[in-house]
Amino acid sequence: MKIAVEGCMHGELDKVYATLKHLEEVENTKIDLLLCCGDFQAIRNENDLESLNVKPKYRNMNSFWKYYSGQAVAPYPTIFIGGNHEASNYLWELYYGGWAAPNIYFLGYSGVIKFGNIRIGGLSGIYKPRDYHSGHYEMPPYDTNDIRSVYHVREYDVMKLKEVKGQIDIFMSHDWPLRITEYGNWEKLVRQKPFLRQEVLDGTLGSVPAAELLKALQPHYWFSAHLHCKFPAIIQHGENGPVTKFLALDKCLRGRKFLQIVDIESDPGPYEIQYDEEWLAITRKFNSIFPLTHKSVQLGGLDEQDYQQWVRNKLNARGAKPFDFVQTVPSFDPSQPLSNRSLCGHIRNPQTQSLLQFLELPYLLAITAEANTPNVNDELFDHEYVDVDDVDELEELVQVDDENT
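Keep in mind that this is a model prediction, so the values were computed, not measured. Numbers given for residues are sequential positions, taken from 1 along each chain in its written order. Residue-level local features of this predicted model are given only where pLDDT is at least 70; pairs of side-chain atoms are given and counted only at 80 or more, and the full residue set underlies all totals for whole chains, interfaces and linings. Note that the side-chain values use all heavy atoms of the structure and ignore hydrogens as well as water.

1. Some remarks on the side chain of Ser149
Item 1. Put simply, DSSP H or I for four residues or longer makes a helix, DSSP E for two residues or longer makes a strand, and each gets a number counted from the N terminus. If you trace the backbone, Ser149 turns up in helix H5 (residues 146-149).
Item 2. We call two residues in contact whenever any of their non-hydrogen atoms come within 4.5 Å of each other. Leaving out residues up to four positions away in the same chain, Ser149 has contacts with Asp131, Tyr137, Glu138 and Arg154.

Following this line, the structure appears as structure tokens:
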């Protein structure tokens with residue numbers, strides 16, 4: 001199975017698909033799947049731009065809306081995770097995962113799915129300690145604070161991934177696992193990205209929960225993005241233990257290293273995206289403690305029943321193919337004048353409703369969070385950890401410094 005891996009998409013689907021088509025022709029090969037490691041920017045219309053945390057000059061429709069509307073069809077099955085520049089209102093509709101457009105699948109805030117016999121897991125967002133122990137309290141439309149915190153990784157989603165016992169073949173995260181640079185050529189990295197030097201030397205670059213998942217899951221491959229550069233590493237898990245091949249990739253720009261083709265041994269095709277039995281069992285088990293406030297996750301009410309056989313019986317009866325894509329808002333129309341953008345609240349996506357009904361779970365995503373108060377340790381966490389949030393902005397600052405010099 002030939003899998004194309006892409007770093008930060010930034011809404012440039014047309015360019016990435018065209019690059020892969022060209023590669024197929026030049027190399028006389030066939031790509032079976034495309035993976036994207038975040039900043040996908042599934043912007044359906046102008047309203048979605050209001051939930052995208054970027055400077056106004058970066059707010060563009062780009063090309064996803066064509067695939068959402070049906071004007072274009074993704075030529076390759078595409079699976080993506082979220083980063084820190086997303087249409088967060090849309091991804092919240094598909095919290096558990098689902099089709100963002102025909103043939104384009106969002107893995108969810110955390111998730112595992114199957115493509116053929118290959119298991120693919122992922123964690124959306126970036127790590128920020130002050131929000132890590134909170135629940136998902138942000139609800140659209142987002143204010144100036146929530147639009148930044150909504151994509152911060154939560155302990156609840158990491159806890160679910162730590163429950164996975166079966167072998168994961170491929171895992172994706174947007175930011176890198178903490179201290180991953182120790183397993184690769186970090187000197188070359190800091191020459192290319194000098195603003196990362198101090199964090200690399202201090203051992204603070206990267207995500208703590210991603211590092212914990214790397215140790216717990218030990219996938220064959222781990223792909224990341226976020227820092228806009230290519231960085232390979234090899235991680236040996238213990239003496240004579242399994243090996244994880246790590247690769248971070250750049251954003252989609254001419255001359256940048258944003259694509260990599262990986263050949264993975266698998267059963268013969270044809271391949272299709274399917275629900276993962278173990279993951280659906282974990283989803284059912286953890287839904288009873290789904291946190292929707294600032295409060296930390298409480299494990300006291302966790303259902304200890306093993307639901308895997310129950311899920312297996314359900315999948316045998318229905319089939320494992322995800323529920324069908326459904327449009328929930330009108331698509332952008334370039335022939336029409338720009339409409340007055342209006343902030344709207346949460347929309348219940350029929351895919352999510354169908355999945356929850358299938359798992360016999362209540363719909364919780366629209367519950368209004370109770371009056372929230374900030375975590376008492378917010379300031380403490382901010383002083384303990386400085387995350388690389390907006391890499392575009394950091395790169396701009398470096399360029400200005402270079403010009404001034």
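2. Quick notes on the confidence of the model for the protein
Item 1. For the protein, mean pLDDT is 90; residues scoring 70 or higher make up 88% of the total.
Item 2. When the criterion is pLDDT under 50, residues 369-388 qualifies, and its contacts beyond four places in sequence or with other chains add up to 31 contacts. pLDDT expresses how confident the predictor is about each individual residue, on a scale running from 0 to 100.

3. A closer look at helix H12 (residues 350-358)
Item 1. Per-residue accessibility, obtained with a 1.4 Å probe over protein chains only, is compared with the maximum for each type, and a residue is labelled buried under 20%, exposed over 50%, and partly exposed between these values. Within the span of H12, buried status applies to Gln351, Thr352, Leu355, Leu356 and Phe358. Down the axis, H12 shows its buried residues gathered within 160° of arc, on one side only.
Item 2. In this structure, the buried residues of H12 make contact with helix H3 (88-93), strand E4 (98-101), strand E13 (273-275), helix H10 (277-286) and helix H11 (308-318).
Item 3. Between N or O atoms, a polar contact is any pair within 3.5 Å; within protein, one atom must be a potential hydrogen donor and the other a potential acceptor, and residues adjacent in sequence are included only when both atoms are from side chains. Where H12 begins, the side chain of Asn349 points an oxygen toward the backbone nitrogen of Gln351, at a separation of 3.0 Å. Comment: arc refers to directions from the helix axis out to C-beta atoms.

4. Remarks on the side chain of Thr293
Item 1. Structurally, the position occupied by Thr293 is in the loop between H10 and H11.
Item 2. The exposure class assigned to Thr293 is buried, which follows from its relative accessible area of 14%.
Item 3. Among the polar contacts made by the side chain of Thr293, one reaches the main-chain amide nitrogen of Lys295 at a distance of 3.0 Å.

5. Considerations on the packing of aromatic side chains
Item 1. Note on aromatic pairs: the rings of Phe, Tyr and Trp (six-membered ring only in Trp) are paired at centre separations within 6.5 Å, and the planes decide the class, stacked below 30 degrees, edge-to-face beyond 60, tilted for the rest. Going through the model one piece at a time under the given rule, you end up with 28 aromatic pairs.
Item 2. Both rings, one in Tyr307 and one in Trp310, keep their centres 6.2 Å apart while their planes meet at 75°; by these two values the pair is edge-to-face.
Item 3. Summarising the aromatic geometry, the rings of Phe323 and Phe358 are spaced 6.2 Å apart at their centres and angled 70° between planes, so their arrangement reads as edge-to-face. Pair noted here: Phe323 is in the loop between H11 and H12 and Phe358 is in helix H12, with a separation of 35 residues, a long-range link.
Item 4. The buried category is assigned to Phe323, whose relative accessible area is 16%.
Item 5. Only Lys NZ and Arg CZ are tested; either one counts as a charge over a ring when it is within 6 Å of the ring centre and within 35 degrees of the ring normal. Above the face of the Trp310 ring, Arg284 is positioned so that its terminal group lies 4.1 Å from the ring centre.

6. Overview of the nonpolar core
Item 1. Counting residues in hydrophobic clusters, the biggest one holds 126 residues, and the most contacted among them are Leu35, Phe64, Ile79, Ile104, Ile120 and Phe223.
Item 2. For this core, the element with the highest residue contribution is H10, accounting for five residues.
Item 3. Sequence-distant contacts of Ile104, defined by excluding residues within four places in its chain, comprise Leu13, Tyr17, Phe40, Phe64, Tyr67, Ala74, Thr78, Phe80, Gly98 and Trp99. Only buried residues count toward a nonpolar core, which is a set of Ala, Val, Leu, Ile, Met, Phe, Trp, Tyr and Cys residues joined through side-chain atoms within 4.5 Å.

7. Quick word on the sheet that holds strand E12 (residues 259-263)
Item 1. Only strands joined by at least two bridges in the DSSP assignment are considered to pair. Taken in spatial order, the six strands line up as E4-E5-E3-E2-E1-E12 in an open sheet, and their pairing is mixed. Lying at the two open borders of the sheet, with one neighbouring strand each, are E4 and E12. Each strand axis lies, on average, 30° off the axis of its neighbour in the sheet, ignoring direction.
Item 2. With respect to the sheet, helix H1 (residues 13-27) is in contact with strand E1 (2-6), strand E2 (33-36), strand E3 (78-80), strand E5 (104-106) and E12, its orientation differing from that of E12 by roughly 50°. Axis definition: a line fitted to C-alpha atoms, over the contacting stretch in the case of helices. Angles run 0 to 180 degrees between N-to-C directions.

8. Some thoughts on the sheet that holds strand E7 (residues 118-123)
Item 1. Here seven strands make up an open sheet; going across it, the order is E10-E11-E9-E8-E7-E6-E13 and the pairing mixed. In this open sheet, the two edge strands, each paired with only one partner strand, are strand E10 (231-236) and E13. Pairwise comparison of adjacent strand axes, ignoring direction, gives a mean angle of 25° for this sheet.
Item 2. As paired elements, strand E9 (residues 221-224) and strand E11 (residues 243-248) share four bridges and run parallel to each other. Note that in E11 the partner of Ser224 across the bridge is Ala248.

9. Side note on the pairing of strand E8 (residues 170-173)
Item 1. Going residue by residue along E8, you find Ile170 and Met172 tucked away on one face and Phe171 and Ser173 tucked away on the opposite face as well.
Item 2. In terms of strand pairing, E7 meets E8 through four bridges, oriented parallel. Following the sheet pairing, Ile120 is matched in E8 by Ile170.
Item 3. Taken together, the three bridges between E8 and E9 define a ladder with parallel strand orientation. Note that in E9 the partner of Ile170 across the bridge is Tyr221.

10. Let's talk about the packing of helix H6 (residues 155-162) against helix H9 (residues 208-217)
Item 1. Two elements in contact, H6 and H9, have axes separated by 10 Å at closest approach and are oriented at 10°. By the angle class used here, H6 and H9 are roughly parallel. For the pair H6 and H9, the contacting residues are Val158, Leu161 and Lys162 in the first and Pro209, Glu212, Leu213 and Leu217 in the second. Our angle categories are set so that under 35 degrees counts as roughly parallel, over 145 as roughly antiparallel, 65 to 115 as roughly perpendicular, and the remainder as oblique.

11. A few points about a positive patch on the surface
Item 1. In this scheme, patches are assembled from residues that exceed 30% relative accessible area and form no salt bridge. Like charges are connected within 9 Å, while nonpolar side chains (Val, Leu, Ile, Met, Phe, Trp, Tyr) are connected within 5 Å. Reported accessibility uses the Shrake-Rupley method at a 1.4 Å probe radius. Residues are deemed covered only where the shown protein chains occlude them. Here, a salt bridge means any Lys or Arg side-chain nitrogen found within 4 Å of an Asp or Glu carboxyl oxygen. Two residue types count as positive, namely Lys and Arg, and two as negative, namely Asp and Glu; His and chain ends fall outside the count. Throughout, a charge is located at the NZ atom of Lys, the CZ atom of Arg, the CG atom of Asp or the CD atom of Glu. Together, Lys188, Arg191, Arg197, Lys230 and Lys257 line one region of the surface with positive charge.
Item 2. Relative to the helices and strands, Lys257 resides in the loop between E11 and E12.
Item 3. Residue Lys257 is classed as exposed on the basis of its relative accessible area, which comes to 52%.

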